[in-house]
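# A structural walkthrough
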Amino acid sequence: MTGVTVHIRAKTFPAQSGAPERALYRDFLLEVADGSFVAVLGPSGLGKTTLLNMIAGLDRAFEGEIRFTGGAEPRIGYAFQNPRLLPWRTVLQNVLLPLDGSPASERRARSLLEEMGLGDAADVYPERLSVGMQRRAALARAFALEPDLLLMDEPFVSLDEANAEKLRDLLAALVARRPTTVLFVTHDSREAHRLADRVVTLAGPPVRIAEDRAVRPSSGATAGTESGPRR
Ligand SMILES: Nc1ncnc2c1ncn2[C@@H]1O[C@H](COP(=O)(O)OP(=O)(O)OP(=O)(O)O)[C@@H](O)[C@H]1O
C-alpha cells in the first residue's frame, strides 16, 4: 500500500477554440492515507479525471508535487472511465498487459477473471463482451497488478443498478482480501458512502475541497516513510 500527498500549485489547460485559458487547480492539497478508501465526488467537468491522471503520472503538465509514502515508487492500478481494453488482444491478454508474463502471473490473471465471472471469456476478444463484462475485465486488469494504489474513474457508470451493485461487492471483497489504497471518483453519493471510508467533495473552479468527511474507520495504517516527489 501507499499513501499519497497531492499538492497542485497550478494546473491550467490552454485556451481552445475561442475559450480562454482555464485555471483548473490552484494551491490544491489532498492527503490520502495509506490503506484508506477515498471517494471523490464533484460536478461534471470540474477536473476529477485530470486529478487521477496527474497522480498516475499520465499528465505531468502541472506545477506541484505528487508524493507517495512507503519508500519505493508505488505500483499504480488505474481503472479508466472507459474500460480501454485493446481490441486486438483477448481478455486474458489484456489482463496480462501490466504483468511480467510469467506462469504465476497468468495463473493470477486467470483466477481473477474466474472470480469476476469471466472465466469462460478469457480467450475471446473484447468486442464480444457486454459493457458490464468489459468493465469487469478492466477491473481485473487493474487488480492483477496487485497495486499499492488503485485509481478508479467512475468504473461502474452506465451499468444497470444490479450489475453495478455486483461489481461494488466484488471491489469491496477484493480490497478486503488484498488491502490497497483506493481513490475512487464517482458522481454517485450513495456509491461513495457505500464503498469508501472517507468522502471528499470537490467544488470550483479552481478545484477546492468543499467537504471532507470520514464515514467509517479506515482499515489502513497512516504511518510510512516518504519517498521522493514525482516532480
Ligand atoms: N487535454 C485537455 N485540453 C483542454 N481541456 C481539457 C483537457 N482535458 C480536460 N479538459 C477540460 O478540463 C476540464 C476538466 O476535465 P476532467 O475530465 O478532468 O473533468 P471531470 O471532473 O473528470 O469530468 P466528468 O465528471 O464529466 O468526467 C473540462 O472542462 C475538460 O473539458
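What comes next concerns the included structure. Fair warning: this is a prediction, and the values are worked out from it, not measured in the lab.

## Considering the pairing of strand E1 (residues 4–13)
- When E1 meets strand E2 (residues 22–32), the two strands line up antiparallel, connected through 9 bridges. Within the sheet, the bridge partner assigned to Thr12 lies in E2 and is Ala23.
- Judged from the 6 bridges that link them, E1 and strand E4 (residues 63–69) form a sheet pairing that is antiparallel. Within the sheet, the bridge partner assigned to Ile8 lies in E4 and is Gly64.

## Considerations on the site of the ligand
- Neighbouring the ligand are the residues Phe13, Gln16, Leu24, Gly42, Ser44, Gly45, Leu46, Gly47, Lys48, Thr49 and Thr50.
- With 3 residues, the single largest contributor to the shell around the ligand is helix H1 (residues 48–56).
- Here the residues of the shell around the ligand are counted per class, giving 3 nonpolar, 7 polar and 1 charged.

## Overview of the environment of Glu191
- Tracing the backbone shows Glu191 in helix H6 (residues 189–195).
- For Glu191, a count of 20 C-beta atoms within 10 Å gives the class buried.
- Taking the C-alpha atoms as reference points, Glu191 and Arg168, 23 residues apart in sequence, are found 8.2 Å from one another.
- Those residues in contact with Glu191 that sit more than four places away from it in its chain are Arg168 and Thr186.

## Things to note about H1
- Turning to H1, its buried residues are Lys48, Leu51, Leu52, Met54 and Ile55. Seen along its axis, H1 keeps its buried residues to an arc of 160°; they face one direction.
- Along its buried surface, H1 packs onto E1, strand E3 (37–41), E4, strand E6 (149–153), strand E7 (181–185) and strand E8 (198–203).
- Of the residues flanking the end of H1, it is Gly57, one or two places downstream, whose phi is positive at about 85°.

## Description of the sheet that holds E3
- Strand order in this open sheet of 6 strands is E5-E6-E7-E3-E8-E9, and the pairing throughout is mixed. Edge strands, defined here as strands with exactly one partner in the open sheet, are strand E5 (76–79) and strand E9 (208–214). Averaged over neighbouring strand pairs, the angle between their axes works out to 15° when direction is ignored.
- Of the strand pairs in this sheet, E5 and E6 are connected by 4 bridges, and their pairing is parallel. Opposite Gly77, over in E6, you have Leu150 as the bridge partner.
- Helix-sheet contacts for H1 involve E3, E5, E6, E7 and E8, and the interaxial angle to E6 is about 155°.

Cut-off values and rules
Residues numbered from 1 in each chain as written. Predicted model: local features only at pLDDT ≥ 70, side-chain atom pairs only at ≥ 80, totals over all residues. Pairing = 2+ DSSP bridges. Helix = DSSP H or I, 4+ residues; strand = E, 2+ residues; numbered from the N terminus. Near = placed C-beta within 6 Å. Nonpolar A, V, L, I, M, F, W, Y, C, P; charged D, E, K, R; others polar. Buried ≥ 20, exposed ≤ 12 C-beta atoms within 10 Å, placed from the backbone. Contact = placed C-beta atoms within 7 Å. Arc of directions from axis to C-beta. Axes fitted to C-alpha atoms, helices over the stretch in contact; angles between N-to-C directions.

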